[in-house]
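# Results of the structural survey
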Amino acid sequence: MSDEDKELVSIILPTYNEAENIVSIIESLLKLKDQFELEILVVDDDSPDGTGDLVKSLSRKIPEVRLIRRMGRAGLASAIKEGLLDAAGDLALVMDSDGQHDPAAVTLTLNTLIKGSFDLIVGSRFHAEAEIKGLSSRREQGSSLANAIARYSLNKSYSRLTDTMSGFFALRLDRAMPFVRAVDVNGFKFLYELLAISKGNLNVSEVPLTFKPRTHGNSKLDIAIFWDFLISVLHNLTFRLLPRRAISFGLVGTSGVFVQLVVNQVLMVIGGINFEQALPIAVITAASSNYMINNTLTFRFQRLKGTALFKGLLKFLIVASLPVLANVGVASAFHRFVSTDLITAQLAGILVVFIWNYAASSRFVWNTP
Ligand code: GDD
Ligand code: MN
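Bear in mind that the values here come from a model prediction, so they are computed numbers and not experimental data.

Conventions adopted
Residues numbered from 1 in each chain as written. Chains lettered and ligands numbered in written order. Predicted model: local features only at pLDDT ≥ 70, side-chain atom pairs only at ≥ 80, totals over all residues. Heavy atoms only, no water. Donors = N, O, S within 2.8 Å, 3.2 Å for Na, K, Ca; no water. Buried < 20%, exposed > 50% of the residue type's maximum accessible area, 1.4 Å probe, protein only. Near = heavy atom within 4 Å. Polar contact = N/O pair within 3.5 Å; in protein donor to acceptor, adjacent residues only side chain to side chain. Areas by Shrake-Rupley, 256 points an atom, 1.4 Å probe, with all protein chains shown as cover. Helix = DSSP H or I, 4+ residues; strand = E, 2+ residues; numbered from the N terminus. Nonpolar A, V, L, I, M, F, W, Y, C, P; charged D, E, K, R; others polar. Domains from an automatic or database assignment. Pairing = 2+ DSSP bridges. Axes fitted to C-alpha atoms, helices over the stretch in contact; angles between N-to-C directions. Salt bridge = Lys/Arg side-chain N within 4 Å of Asp/Glu carboxyl O. Contact = heavy atoms within 4.5 Å.

The protein atoms donating to the manganese ion (ligand 2) are Asp 98 (OD) and Gln 100 (OE1), with metal-donor distances spanning 2.0 Å. For the residue pair Asp 98 and Gln 100, the accessibility class agrees, reading buried in each case.

Here you go:
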């Protein structure tokens, strides 16, 4: 094949602490040079283990290799988005750089993209011909369940896809770019978001992808990432009307209702104090619990630590105590002027409190608009 016939493909490799894996993955990808014209774009979040410096020195010697180094840890989905926005190729392929995604799958994926009239090809771990060796059985079950939920929440034309959470996919950039730009990067699952936003407008197919165990190091998947996924699905099921953070804040608030009821009950039954004595303790405990959970999940990119964590708690308690008056005011006004139904009146009060708490604590506690 002459050079002019080869497609320029940008391979996006997101990295966070992959110093032990990145060199060998780049070496295997370079073997594809006789099939495609390559650009290898590593998007590193300033990994403390020196991944960025390793890639920088490779990029001096190898013209195909480019490094995008970002300030601090901004997350996988935003790394993928940034790589795709910078890609020089007409085609791009995204894959993990820890050795779990086999470079051998790249050729089949790209050829399927090039030869079919597809816009996006997903490497599926749940394809009938694929194998999953790199997930614990618990995580495999979790992933399979997440896929089932995800499928239900996506456009029908995507319902044949078996792995909408995959980190391995290839796309035609001219067709996909408007949707790539719109991906909300707070989710971990870039592909799921891309499918949700494109609403059936991309012509998608899949190829089998064997998922291997990690070569070195550990997965960065954690509880916050599961939480993001849950929020993504709810966000999509509610027609993407509410900000993602508001949904998270609302769920945490709901957990606080249970905390309050339980603490109140425990104090009365086991502590032997009466309702009026127990209530303020239960309310403050619930508010503090909301605060801590929001700090680790909803606002984790603005997470407060040390003395700031304590100051934040005080601010949060003040912010949350103001609308109690508003709650009572709105509920009684609603009761008098709009509806005589007591439940509706209280819900109206709670809604106003929710909006206040969300807006005010975003602004004053975690300093985000
Ligand atoms: N730049 C950047 N920033 N890269 C990151 C970050 C981050 O904050 N977090 C993870 N990565 C990189 C890792 O260095 C690795 O190359 C790749 O993203 C995947 O991260 P892992 O931590 O190895 O993810 P995993 O193996 O647990 O999850 C795999 O399966 C998921 C679905 O179950 C990945 O394939 C995911 O992409 C996939 O969604
Ligand atoms: Mn991995």
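In the region of ligand 1, 26 residues are neighbours, and Glu 18, Arg 73, Asp 96, Ser 219 and Lys 220 sit closest. A distance of 3.2 Å is found between an oxygen atom of ligand 1 and a side-chain nitrogen or oxygen belonging to Lys 189. Between Arg 214 and ligand 1, the recorded distance is 2.8 Å, taken from a side-chain N or O atom to an oxygen atom. Protein contact buries 98% of the 740 Å² of open area that ligand 1 shows by itself. Counting only elements with at least two residues in the shell around ligand 1, the list comes to strand E1 (8–15), helix H3 (76–86) and helix H5 (137–153). Looking at side-chain class alone, the shell around ligand 1 contains eight nonpolar, eight polar and 10 charged residues.

This part takes up the domain arrangement of the protein. Domain annotation for the protein reports domain 1 (3–217) and domain 2 (244–364). Measuring from the centre of the C-alpha atoms in domain 1 to the corresponding centre in domain 2 gives 40 Å.

What follows covers the sheet that holds strand E7 (residues 204–208). With respect to topology, seven strands assemble into an open sheet ordered E3-E2-E1-E4-E6-E5-E7, the strand pairing being mixed. Looking at strand neighbours, the two that pair on one side only are strand E3 (65–69) and E7, the edges of this open sheet. Adjacent strand axes in the sheet meet at a mean angle of 20 degrees, parallel and antiparallel pairs treated alike. As paired elements, strand E5 (residues 120–124) and E7 share five bridges and run parallel to each other. Across the sheet, Leu 120 pairs through a bridge with Val 204, a residue of E7.

Moving on to the pattern of salt bridges. All chains considered together, the criterion is met by 14 salt bridges. The closest approach of N and O atoms between Glu 193 and Arg 240, which form a salt bridge, is 3.0 Å. One end of the pair, Glu 193, is in helix H7 (residues 190–198); the other, Arg 240, is in the loop between helix H8 (223–237) and helix H9 (244–269), with 47 residues separating them in the sequence. Relative accessible area serves as the criterion here: at 1%, Glu 193 is assigned to the buried category. In this structure, Arg 300 and Asp 228 form a salt bridge, with 2.7 Å as the shortest nitrogen-oxygen distance. Of the two residues, Arg 300 is situated in the loop between helix H10 (275–296) and helix H11 (306–338) and Asp 228 in helix H8; the sequence distance between them amounts to 72 residues. On the basis of relative accessibility, which here comes to 19%, the residue Arg 300 falls in the buried class. When salt bridges with common partners are traced through the structure, they connect Asp 184, Glu 193, Arg 240 and Arg 244 into a single cluster.

Residue placement: Asn 294 occurs in helix H10. Ignoring anything within four residues of it in the chain, the contact list for Asn 294 reads Ser 248, Phe 249, Val 252, Phe 299, Arg 300, Phe 316 and Trp 366.

A positive phi angle, close to 55 degrees, is found at Asn 17, a residue other than glycine. Position of Asn 17 relative to the elements: it lies in the loop between E1 and helix H1 (22–30). Looking at Asn 17, the relative accessible area reads 28%, which means it is partly exposed. Although it is not a glycine, Lys 199 sits at a positive phi angle of roughly 45 degrees. Accessibility expressed as a relative area gives 54% for Lys 199, which makes it exposed.

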